Amino acid sequence: MKVEFSDRPKRDRDSNNVSIYHKTRYVSGATWNNDGKFIYYVESESGDIQYVKVFDAELETVVDSLRFIDQAGILDYNNTLNLLAVGFESVKVIDPITKSIVDLINFPTGVNFFNPRIQEMKWSPDGKYLAISFRAGNITMSESFLVVYDFTTKNYIYSLKSIHKIKIFFEL
């Protein structure tokens, strides 16, 4: 019998050869829209293919999907402006109806970032500000940041930084 790994299931009917099919899906980040009808969440397949899925809570099914080339993982819905902030290494604000990018939020300038990862983000109740917490660093030092982005002026209005040094000990 011959066994091979494949990206889709198949079986050779003339022999005992089989393929092993494996596709892993991960779900992260979930948020409701303003009327509570839809849940937006991120679904990642094996590799770097990521989608923002729209789940209709009444129909109990996925009704729409938006593919992301960049990584996505954290999201939050702006109930005032009906926009969706999606991020992992940067933040894209999208209109979930037209699927267009309304704003691309880059991290503040003047800060040396290495491998930034968004930990959490939340819109203010009035929909004007987006609070973003993220970490950046390497194996020996990481920095945690909290920034507040003013969506109307497209500027950061607050930034807080803390440094964590990591000591690594090796025993022989």
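An account of the accompanying structure is given in this report. (Residues numbered from 1 in each chain as written. Predicted model: local features only at pLDDT ≥ 70, side-chain atom pairs only at ≥ 80, totals over all residues. Heavy atoms only, no water.)

## A short note on the sheet that holds strand E9 (residues 91-95)
Ordered in space as E7-E8-E9-E10, the 4 strands form an open sheet in which the pairing is antiparallel. A strand with exactly one partner marks an edge of an open sheet, and here the two such strands are strand E7 (74-78) and strand E10 (100-105). Along the sheet, successive strands turn relative to each other by an average axial angle of 20°, direction set aside. For E7 and strand E8 (residues 83-87), the ladder comprises 5 bridges, and the chain directions are antiparallel. Note that in E8 the partner of Asn-78 across the bridge is Leu-83. (Pairing = 2+ DSSP bridges. Helix = DSSP H or I, 4+ residues; strand = E, 2+ residues; numbered from the N terminus. Axes fitted to C-alpha atoms, helices over the stretch in contact; angles between N-to-C directions.)

## Points about the nonpolar core
In this structure, Val-91, Ile-105, Ile-118, Met-121, Leu-130, Ile-132 and Phe-134 are the most contacted members of the largest nonpolar core, which totals 18 residues. Within the residue set of this core, elements represented by two or more residues are E8, E9, strand E11 (117-123), strand E12 (129-137) and strand E13 (141-150). With 4 residues, the top contributor of residues to this core is E12. Phe-38, Val-52, Leu-66 and Phe-68 belong to the second-largest nonpolar core, a separate cluster that totals 13 residues. (Core = buried A, V, L, I, M, F, W, Y, C linked by side-chain atoms within 4.5 Å. Buried < 20%, exposed > 50% of the residue type's maximum accessible area, 1.4 Å probe, protein only.)

## Here's the deal with the sheet that holds strand E6 (residues 61-68)
Sheet architecture is open: 4 strands sit in the order E3-E4-E5-E6, paired in antiparallel fashion. Lying at the two open borders of the sheet, with one neighbouring strand each, are strand E3 (25-32) and E6. If you compare each strand with its neighbour and ignore which way they point, the axes differ by 25° on average. Pairing geometry for E3 and strand E4 (residues 38-45), over 7 bridges, is antiparallel. Bridge pairing in E4 links Val-27 to Glu-43.

## A word on the pattern of salt bridges
Enumeration according to the criterion identifies 6 salt bridges in this entry. Close ionic contact of Lys-122 with Glu-120 constitutes a salt bridge, the shortest N to O distance being 3.6 Å. For Lys-122, a relative accessible area of 45% translates into the label partly exposed. By relative accessible area, Glu-120 is classed as partly exposed at 36%. (Salt bridge = Lys/Arg side-chain N within 4 Å of Asp/Glu carboxyl O.)

## Here we look at the environment of Lys-128
Mapped onto the elements, Lys-128 comes out in the loop between E11 and E12. Once the C-alpha coordinates of Lys-128 and Thr-152 are considered, the two residues, 24 residues apart in sequence, prove to be 6.3 Å apart.

## As for the packing of aromatic side chains
Inspection of the entire model under this criterion finds 4 aromatic pairs. For the pair Tyr-149 and Tyr-156, a centre-to-centre distance of 5.3 Å together with 70° between the ring planes defines the contact as edge-to-face. Judged by its relative accessible area of 4%, Tyr-149 is buried. One residue, Lys-53, lies across the ring of Tyr-51, its end atom 5.3 Å from the ring centre. Sitting over the ring of Phe-151, Lys-154 keeps its end group 3.8 Å from the ring centre. (Phe/Tyr/Trp six-rings, centres within 6.5 Å; stacked < 30°, edge-to-face > 60°. Lys NZ or Arg CZ within 6 Å of the ring centre and 35° of its normal.)

## Things to note about a nonpolar patch on the surface
On the surface, Leu-146, Ile-157, Tyr-158 and Leu-160 cluster together into a nonpolar patch covering about 360 Å² of accessible area. With 3 residues, strand E14 (residues 155-165) is the single largest residue contributor to the nonpolar patch. Checked against the element boundaries, Leu-160 lands in strand E14. Classification of Leu-160 by relative accessible area gives partly exposed; the value is 44%. (Patch = residues over 30% accessible without salt bridge, like charges linked within 9 Å, V, L, I, M, F, W, Y side chains within 5 Å. Areas by Shrake-Rupley, 256 points an atom, 1.4 Å probe, with all protein chains shown as cover.)

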